[in-house]
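Structure assessment
These are the residues of each chain, in order.
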Amino acid sequence: MKAALFSPCTYAGPTAPSGWPTPVTVYSSDLSRQTFETAIEHSRLADQVGFDWITVAEHHFGPFCMTPNPMVLAGALTQVVKRAKIALLGADIPILNPVRVAEEFAMLDLLSGGRLVAGMLRGTPNEYITYNVNPRESRRRFEEALQLIRMAWTEPEPFGWQGRYWQYKTVSIWPRPIQQPHPPIYMSGSSPESGEFAAKNRIGLGFAVTTLALATKASSHYRSQAALVGWTPRPDDIIYRVPFHVAASDDQAMEDLAAAAAASSRSFSLALSQGAEAAIAEAGYYGRDDAQRGRVAAAFSGGIRGRIENAQLLLGAPQTVIGQIRRIHAEVGAGVLDLVPALGGDKAIASIEQFGTRILPAVRELGA
Amino acid sequence: MSRPLVVLPPAAACELLAARLPIDGNPDDLESFDLLAHAQAAEEALRLALRRPLAVHALVLAAAAPPADLALVARFAELTVPTLAVLGTRDGEVPPETGRRWRALLPRCHLVFLYDAGHDLAADRPQAFADIVLDFISDPGAFLVNRRDGTLHP
């Protein structure tokens, strides 16, 4: 089992009470700087204590994750993180310029000495509003962008691209990725469509904002689809993202979490207006198993114990968390845990240290 | 654009192109024409371009691979006609990598991948195929430059 640290650059101060997009009427540059310094410090520490990957992600127009272009943060991390891979999970390729994405990924692979993990995502539904792209086109744009990026990395001759959504007369990117033929590609998605596409294109698959049961079902679908086209995903091909908090004892961990919840009522929402949410659902954004969304939302409202039971949270003393990880590995077959600190401040630092020194050595052999 | 387009084989002429310019199957009577060759007809088209270098204004090779005749291939270095090689990204018969061979053999060759098209480019992506052919033959020298108006609300 490998571990990734995802320190999501969540804005450290109070914000105007609002859904998405969040106004910037309450805002501090100093606090934003602190946010980035903290994320870089977490990443440096995680690298030192043995984490395998450092993750960055793309979100727009809100305080929850202040990396609208994760490539920029990843560029900084290549100079701080000496050993771990730098995982972009990911670039929201349907709403971006795919040639630019191919160029930026290639630069990052070079700057990191071949340590790039190239995640390419459809993004959360609100991102389609960000750059004014019809969410109905999401999957088809994703598929075209992925093929175009791969072509830009691998075709040695300048080529034009006559696509459905993008047209270029000539493409010949410099520099090229160090990893050949190209860096490992991952996509995310618990829907049957995502699993089928990942299997068909022989790329890795990540699960986030899900439950153990749903991820197990999606992972099994991915494997069976991969078998149909003649390959077997390795544990490293499956990523499971989950918040974590480690303390000296289970009771202490639970108390920490409760205290943090009581001290702060901040909850960053990606919620859209009902009309916008309905329009996105109607556009087919969620795929043919749309009912899954309701099951995930219900599981998240199940309280701390419910979230642990559903593997939506790793919480407790190291030995307890090891047991929770074994369960995710056994049921989902995931070989990479993408870990988000559930708490901030010293608690986050201590959790990262504990995870690297006490937990990782014990779960390293799972699936290896 | 009054210059006729010669399509080889003639049966491959597609409606979208025919709607935009005169299609001709018999280049012998023509002083100047554009030439579009599908698949195996590329060999005949290239022989024609070598035989009548001043008559062929622009050449488009669709889902085609270089011919096996090495003596013929050796003569491609003489060609001055601007050429566009179009290959479908899903073409199992003439895969996209074939473009590299055209680029190595033809002195003035642009390469374009037609996304999500198999071997029959004009059937799989008719509008996209016709658009790229028309764009190229209308002004091969300016092909790389976007000449469309991108204004949303003039």
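All values derive from a computational prediction rather than experimental measurement. (Residues numbered from 1 in each chain as written. Chains lettered and ligands numbered in written order. Predicted model: local features only at pLDDT ≥ 70, side-chain atom pairs only at ≥ 80, totals over all residues. Heavy atoms only, no water.)

1. Some words on the overall build of chain B
Rules: Every helix listed is a DSSP run of H or I at least four residues long, and every strand listed is a run of E at least two residues long, numbered separately from the N terminus. Two things to know: the radius of gyration comes from C-alpha atoms, and the globule rule equals 2.2 Å times the number of residues to the power 0.38. Only protein chains enter the accessibility calculation, which uses a 1.4 Å probe; a residue is then buried when its area is under 20% of its type maximum, exposed when over 50%, and partly exposed in between. Throughout, the Shrake-Rupley method with a 1.4 Å probe supplies accessible areas, and for residues the shown protein chains are the sole cover considered. The sign given to each residue is positive for Lys and Arg and negative for Asp and Glu; His and the chain ends receive no count. Charge coordinates come from a single atom per side chain, which is NZ of Lys, CZ of Arg, CG of Asp or CD of Glu.
The number of helices and strands found in chain B is 6 helices and 6 strands. From first element to last, N terminus to C terminus, chain B shows the α and β order β-α-β-β-α-β-α-β-α-β-α-α. Since a compact globule built from 154 residues should have a radius of gyration of about 15 Å, the 15 Å found for chain B is in line with a globular shape. Counting only C-alpha atoms and orienting by the principal axes, one finds that chain B spans roughly 55 × 35 × 30 Å. Counting every position in chain B, which comprises 154 residues, the buried fraction comes to 50%. In the form shown here, chain B has an accessible surface area of approximately 7400 Å², with 51% of it arising from carbon and sulfur atoms. Averaging the coordinates of the 14 positive side-chain charges in chain B and doing the same for the 20 negative ones gives two points 6 Å apart.

2. Brief notes about the sheet that holds strand E1 (residues 5–8) of chain B
Keep this limit in mind: At least two DSSP bridges between two strands are required for those strands to pair. Contacts between residues were defined by any pair of non-hydrogen atoms, one from each residue, lying within 4.5 Å. Lines fitted to the C-alpha atoms define the axes, with helices restricted to the stretch that makes contact. Angles between their N-to-C directions range from 0 to 180 degrees.
Taken together, the 8 strands give an open sheet; going across it, the order is E6(A)-E5(A)-E6(B)-E5(B)-E4(B)-E3(B)-E1(B)-E2(B), and neighbouring strands pair in mixed fashion. Two strands bound the open sheet, and with one partner strand each, they are strand E6 (167–171) of chain A together with strand E2 (23–24) of chain B. Taken together, the 2 bridges between E1(B) and E2(B) define a ladder with parallel strand orientation. Note that in E2(B) the partner of B:Val6 across the bridge is B:Asp24. Lying over the sheet, helix H6 (residues 126–138) of chain B contacts strand E5 (159–162) and E6 of chain A together with E1, strand E3 (33–38), strand E4 (56–62), strand E5 (83–88) and strand E6 (109–114) of chain B, oriented at roughly 155° with respect to E4(B).

3. Things to note about the pattern of salt bridges
Applicable threshold: Salt bridge, as used here, is a side-chain nitrogen of Lys or Arg placed within 4 Å of a carboxyl oxygen of Asp or Glu.
Evaluation of the coordinates by the stated rule reveals 22 salt bridges over all chains. Here B:Asp34 and B:Arg3 are joined by a salt bridge, their closest N and O atoms 3.2 Å apart. Here the residue B:Asp34 occupies a position in strand E3, and B:Arg3 occupies one in the segment before E1, the gap between them amounting to 31 residues. Its relative accessible area of 23% is what places B:Arg3 among the partly exposed residues. Several salt bridges share partner residues, and in doing so they unite A:Arg164, B:Arg90 and B:Asp116 into one network.

4. Concerning the packing of helix H5 (residues 138–154) of chain A against helix H6 (residues 192–200) of chain A
All names here are of chain A. Put simply, the rule is: Note on terminology: angles under 35 degrees are roughly parallel, angles over 145 are roughly antiparallel, angles of 65 to 115 are roughly perpendicular, and the others are oblique. With the far helix as reference, a near helix turned anticlockwise by less than a right angle produces a left-handed crossing, and one turned clockwise produces a right-handed crossing.
Where H5 meets H6, the closest approach of the two axes is 12 Å, and the angle between their N-to-C directions is 15°. Here H5 lies roughly parallel to H6, going by the angle between them. As for how H5 packs across H6, the hand of that crossing is right-handed. Taking contact as the criterion, the partners of Arg139, Phe142, Glu143, Leu146 and Gln147 in H5 are, on H6, Glu193, Ser194 and Phe197.

5. A word on the environment of A:Glu37
All names here are of chain A. On the secondary structure map, glutamate 37 appears in helix H1 (residues 29–48). Since its relative accessible area comes to 44%, glutamate 37 is described here as partly exposed. Taking C-alpha positions, glutamate 37 is 9.0 Å from cysteine 9, a pair spaced 28 residues apart along the chain.

6. Considerations on unusual backbone geometry
All names here are of chain A. Along the chain, tryptophan 20 connects to proline 21 via a cis peptide bond; the corresponding omega equals 0°. Residue glycine 90 follows leucine 89 across a cis peptide bond; omega there is -10°. Looking at the secondary structure, you find glycine 90 in strand E3 (residues 85–92). Phi is positive for phenylalanine 61, which is not a glycine, with a value near 60°. The residue phenylalanine 61 is located in the loop between strand E2 (53–56) and helix H2 (70–78) in this model. Positive phi, close to 60°, is recorded for alanine 311, a residue that is not glycine. Mapping alanine 311 onto the fold places it in the loop between helix H11 (303–309) and strand E10 (314–316).

7. Observations regarding helix H13 (residues 345–363) of chain A
Residues and elements named next belong to chain A. Inclusion rule: The span expected for a helix works out to 1.5 Å for each residue beyond the first. The bend at a residue is defined as the angle formed between two axes, one fitted to the seven residues ending at that residue and one fitted to the seven starting there.
In a regular helix each residue adds 1.5 Å, so 19 residues correspond to 27 Å; H13 covers 26 Å between its end C-alpha atoms and thus fits that length. Along H13, the sharpest kink reaches roughly 40°, centred on phenylalanine 355. Along H13, the residues that are buried comprise Ala348, Ser351, Ile352, Phe355, Gly356, Ile359, Leu360 and Val363. Residues of H13 that are buried sit in contact with strand E1 (2–6), H1, strand E9 (238–246), helix H12 (318–332) and strand E11 (336–341).

8. With respect to the pairing of E9(A)
Two faces, one strand: in a regular strand the side chains alternate between the faces of the sheet. Residue and element names in this part refer to chain A. Among the 9 residues of E9, 7 are classified as buried, and the element is accordingly described as predominantly covered. In this sheet, E9 lies alongside strand E8 (residues 204–207) in parallel orientation, the contact comprising 3 bridges. In the sheet register, glycine 206 faces E9, and the bridge partner there is isoleucine 239. In this sheet, E11 lies alongside E9 in parallel orientation, the contact comprising 6 bridges. Each bridged residue has a counterpart across the sheet, and for phenylalanine 244 the counterpart in E11 is proline 341. In this sheet, E10 lies alongside E9 in parallel orientation, the contact comprising 3 bridges. Note on E10: the bridge partner recorded for phenylalanine 244 is leucine 314.

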